[in-house]
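# Structural overview for review
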Amino acid sequence: MADVVSNVKKVGLEKYPRQGPRNIQYGTAGFRTRWAEDLDYVLYRVGLLAVLRSKSKGGAAIGLMITASHNPEPDNGVKLIDPFGEMLQQRWEKFATRLANASDTELDSALLEIVEAESISWETQALVCVGQDTRPSSPGLAQAAVTGIRTMGGKVNDYGIVTTPMLHYFVACINNIGSAYSEPTEDGYFKKIITAFKKLRGDKPENGKYVPSVMFDGANGVGAMKLEAGLLHLHDSLQVQLYNNGTGQLNYKCGADYIKVQQCAPVGVPQKSNARCVSVDGDADRIVYYYIDTHDKFHLLDGDRIATLIAGYLMELIKKSDLGLQLGLVQTAYANGSSTSYISKTLKVPVACVPTGVKHLHHKAMEYDIGVYFEANGHGTVTFSDFATRCICSAAEDLSLPADQLHATETLATLMDVINQTVGDAISDMLIVETVLHARGWSIEDWEATYTDLPNRQLKVVVKDRRVIETTDAERVCVTPAGLQDQINMLVKNFPNGRSFVRPSGTEDIVRVYAEADTQASADRLALQVASVVHQLAGGIGSPPVPE
Ligand code: 16G
Ligand code: MG
């Protein structure tokens, strides 16, 4: 062990010395920065950490994904994937931060501290699966990570360019998690989800007002590139017209994040009235739908809409299958108030609210037999407990069940194969949404008509130190600075259906403000007023936002 660790330090110093004085933190999205060119040493060290993580998990495969998701093209980042295909365990986030910020000379001792703290058996063989998005800086960073893994004595499975959710899926497959996975290859992934998708729609791709055709905005990232391969499996079951498929700049005026934040259609996708359009982000782990009506008005169907669509359909199948399984839906404070009341009052599905960040949502969803989770920004999936999986799979083979019940159970079983349960997956989520719309015979307007969103507004406030804002109750209540929450409460009272919260961003040096109310003008005014109070009480920089 001593030899390996001292060699790791030597190679690090020679090839990947620490750059600059700036410290970096492993946050909700792993490490992510504006200065991709300075990230080489971080990737080398994340490679080292991945080997330790694999050893600590008895040699299970660990994923290492190089991406900055929806950020502009020059940015980059990396995150680690745990053996079940889930986000890195929170306890290890601080090891990642410590290792990334160690000086070159303390690299060996920083590694040994982790080995000791986690009682890692050095003899265990390690395996790390490496994937990257389409950014120009990604190949160099992958090289740094691979050097780290190999110098540390780990084995590498290099998948090259893949979507983030594909890598999560491969990791789960390699570790043989559950019966729900298949071959850890791109072909295996597509075969599994698309075979199930086609089975669900049978030989009748049309149904009622549902038309089997979508326009797909690939954000000029990996999503469109991979879906192109997937289309070979789809045949006529769904026609997908690909746009922003890599010829333009990544995430520039297109992609799920742009559309959600700007509330407008992307560039690069032709306007066709009432056509169902899908938009994914740069690494294809987020998805939103939109359409433009005959009056040129833009309509967004975001993560909340997708969650309610899926939960409503699952609730029906669960009832019909009579298996007594419990369904739950998980949201964050950003979920539109109308979606929350629709879910709890109309669909009668229990709803939980957790802090922002996939790890929180995923974790909570797994407490239910079947958990649906989505962030309003379009990241989400469905999870099935082992118990639910066993119940569904065995009932689906019980030919003694009444036809209706058997059909619902078989549908649930097949649906499970369309779903990438490890993490939000834009391609798989699109196929789930298309399945539900097909089953219901709905157009995109029918889907939108299920409830009316409350108008809302998001604002950013630049402050000296965003950490002065501390929150509780799933980020809905502000604990510090003193007096801020009282002022928010007072402001909110002046607006019918008013709701507002503030939270420090996990990915940018800012405080985010969210407000919703009965009209757009009220939501805008409330957001501005709250932003102004934040600016005043939390050390705002520059001129404060001006309420009308
Ligand atoms: C990260 C999170 C995403 C969250 C976003 C919030 C993961 C994989 N990603 O992108 O879930 O919505 O951060 O950003 O957890 P913010 O803290 O800047 O608002
Ligand atoms: Mg993403």
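Keep in mind it's a predicted model, so treat the numbers as computed, not measured.

## A word on helix H15 (residues 426–440)
The terminal C-alpha atoms of H15 lie 21 Å apart, and with 15 residues this matches the ideal 21 Å at 1.5 Å per residue to within 8%. Counting buried positions along H15 yields 13 of 15 residues, so the element is predominantly enclosed. The N-cap residue of H15 is Asp 425: its side-chain oxygen and the backbone nitrogen of Ile 427 are 3.0 Å apart. Backbone geometry just downstream of H15 places Gly 441 in the positive-phi region, at approximately 70°.

## A few points about the coordination of the magnesium ion (ligand 2)
Ideal donor angles around a metal are set by the shape: a four-donor tetrahedron calls for 109.5 degrees, a six-donor octahedron for 90 or 180 degrees. The protein atoms that coordinate the magnesium ion (ligand 2) are Ser 69 (OG), Asp 281 (OD), Asp 283 (OD) and Asp 285 (OD), at distances spanning 2.0 to 2.2 Å. Within one chain, the residues serving as donors to the magnesium ion (ligand 2) are arranged as S-x211-D-x1-D-x1-D. Each of the two residues, Asp 281 as well as Asp 285, counts as buried.

## A word on the nonpolar core
In terms of nonpolar packing, the biggest core is built from 78 residues, with Tyr 289, Ile 370, Val 372 and Met 430 touching the most fellow members. Looking at this core element by element, the count peaks at 10 residues for helix H10 (residues 303–321). In this structure Met 430 touches Val 214, Phe 216, Leu 227, Leu 238, Val 240, Val 278, Ile 287 and Tyr 289, once residues within four positions along its chain are discounted. One finds Val 78, Ala 96, Ile 120 and Ala 142 within the second-largest nonpolar core, a separate group that totals 48 residues.

## A look at the packing of helix H6 (residues 164–174) against helix H7 (residues 186–201)
As a packed pair, H6 and H7 sit with axes 10 Å apart at the nearest point and diverge in direction by 95°. Here H6 is positioned roughly perpendicular relative to H7, judged by the angle of their axes. Taken together, the residues of H7 that come into contact with H6 (itself represented by Met 166, Tyr 169 and Phe 170) are Glu 186, Gly 188, Tyr 189, Phe 190 and Lys 192. Class assignment of the residues belonging to the contact of H6 with H7 gives a composition of five nonpolar, one polar and two charged.

## Focus on the UniProt feature "binding site: substrate" (unreviewed entry) in the chain
If you check UniProt for "binding site: substrate" (unreviewed entry), the listed places come out as Glu 375, Ala 376, Asn 377, Arg 503, Pro 504, Ser 505, Gly 506, Thr 507 and Arg 512 in our numbering. Of note, Arg 503 is situated in strand S18 (residues 499–504). Accessibility expressed as a relative area gives 7% for Arg 503, which makes it buried. Discounting chain neighbours no more than four positions away, the residues touching Arg 503 are Tyr 334, Thr 356, Ile 469, Thr 471, Glu 475, Val 511 and Arg 512. In this structure, Ser 505 sits in the loop between S18 and strand S19 (511–516). You can call Ser 505 buried: its relative accessible area is 3%. Ser 505 has contacts with Arg 466, Ile 510 and Arg 512, leaving out every residue within four places of it along the chain.

## Comments concerning the pairing of strand S3 (residues 76–81)
Along any regular strand, the residues point their side chains to alternate faces of the sheet. Most of S3 sits out of view: six of its six residues are buried. Looking at chain direction, strand S1 (residues 31–33) and S3 are connected through three bridges and run antiparallel. Within S3, the residue paired with Arg 32 across the bridge is Gly 77. Two elements, strand S2 (residues 61–66) and S3, share four bridges in a ladder whose sense is antiparallel. Within S3, the residue paired with Gly 63 across the bridge is Ile 81.

## Here we look at the sheet that holds strand S12 (residues 351–353)
Taken in spatial order, the four strands line up as S12-S11-S13-S14 in an open sheet, and their pairing is mixed. Both edges of this open sheet fall to S12 and strand S14 (380–384), since each of them pairs with a single strand only. For this sheet, the mean angle separating the axes of adjacent strands, direction not counted, is 20°. Two strands pair when backbone bridges link them, and strand S11 (residues 327–331) and S12 are joined in this way by three bridges, in the parallel orientation. Each bridged residue has a counterpart across the sheet, and for Val 330 the counterpart in S12 is Ala 352. Relative to the sheet, helix H11 (residues 337–346) contacts S11 and S12, its axis offset from that of S11 by approximately 170°.

## Notes on the site of ligand 1
Neighbouring ligand 1 are 14 residues; Glu 375, Ser 505, Gly 506, Thr 507 and Arg 512 lie closest to it. At a separation of 3.0 Å, an oxygen atom of ligand 1 approaches a polar backbone atom of Val 358. Contacts to ligand 1 include Glu 375, whose side-chain N or O atom sits 2.5 Å from an oxygen atom. In terms of residue class, the shell around ligand 1 is built from two nonpolar, seven polar and five charged.

## Here's the deal with the packing of helix H2 (residues 40–56) against helix H4 (residues 107–117)
Their axes nearest at 11 Å, the elements H2 and H4 cross at an angle of 25°. On the basis of their axis angle, the class for H2 and H4 is roughly parallel. Viewed along their axes, H2 and H4 form a crossing whose handedness is right-handed. On H4, the residues that touch Tyr 44, Arg 45, Leu 48, Leu 49 and Leu 52 of H2 are Leu 107, Leu 111, Ile 114 and Val 115. Among the residues forming the contact of H2 with H4, the class breakdown is eight nonpolar, no polar and one charged.

## Quick look at the environment of Thr 480
Note that Thr 480 resides in strand S17 (residues 477–480). Of the residues examined, Thr 480 reaches a relative accessible area of 26% and is grouped as partly exposed. Distance from Thr 480 to Asp 108, taken between C-alpha atoms, is 39 Å for residues 372 residues apart in sequence. Residues contacting Thr 480, with those up to four places away along its chain left out, are Val 468, Ile 469 and Glu 470. Among the polar contacts listed, one links the side chain of Thr 480 to the backbone oxygen of Val 468, at a separation of 2.8 Å. A distance of 3.2 Å separates a polar side-chain atom of Thr 480 from the backbone nitrogen of Glu 470.

## Some details on the side chain of Thr 411
On the secondary structure map, Thr 411 appears in helix H14 (residues 403–418). Judged by its relative accessible area of 8%, Thr 411 is buried. Within the structure, the side chain of Thr 411 is placed 2.7 Å from the backbone oxygen of His 407, a separation counted as a polar contact. When neighbours within four sequence positions are excluded, Thr 411 is seen to be in contact with Leu 200, Tyr 313 and Leu 317.

## Quick word on the side chain of Asp 369
Checked against the element boundaries, Asp 369 lands in the loop between helix H12 (358–365) and strand S13 (370–374). Buried and unpaired, Asp 369 has Arg 390 as its nearest opposite-charge partner, separated by 9.3 Å. A distance of 2.7 Å separates a polar atom in the side chain of Asp 369 from the backbone nitrogen of Gln 326. If near-sequence neighbours (up to four positions away) are discounted, Asp 369 is found in contact with Gly 324, Leu 325, Gln 326, Thr 383, Phe 384, Ser 385, Phe 387 and Ala 388.

Calculation criteria
- Residues numbered from 1 in each chain as written.
- Chains lettered and ligands numbered in written order.
- Predicted model: local features only at pLDDT ≥ 70, side-chain atom pairs only at ≥ 80, totals over all residues.
- Heavy atoms only, no water.
- Helix = DSSP H or I, 4+ residues; strand = E, 2+ residues; numbered from the N terminus.
- Expected span 1.5 Å × (residues − 1).
- Buried < 20%, exposed > 50% of the residue type's maximum accessible area, 1.4 Å probe, protein only.
- Polar contact = N/O pair within 3.5 Å; in protein donor to acceptor, adjacent residues only side chain to side chain.
- Donors = N, O, S within 2.8 Å, 3.2 Å for Na, K, Ca; no water.
- Core = buried A, V, L, I, M, F, W, Y, C linked by side-chain atoms within 4.5 Å.
- Contact = heavy atoms within 4.5 Å.
- Axes fitted to C-alpha atoms, helices over the stretch in contact; angles between N-to-C directions.
- Parallel < 35°, antiparallel > 145°, perpendicular 65-115°, else oblique.
- Nonpolar A, V, L, I, M, F, W, Y, C, P; charged D, E, K, R; others polar.
- UniProt positions renumbered as here; feature names shortened; annotations may be inferred.
- Pairing = 2+ DSSP bridges.
- Near = heavy atom within 4 Å.
- Left-handed = near helix turned anticlockwise from the far one by under 90°.
- Lys, Arg positive; Asp, Glu negative; His and termini not counted.
- Salt bridge = Lys/Arg side-chain N within 4 Å of Asp/Glu carboxyl O.

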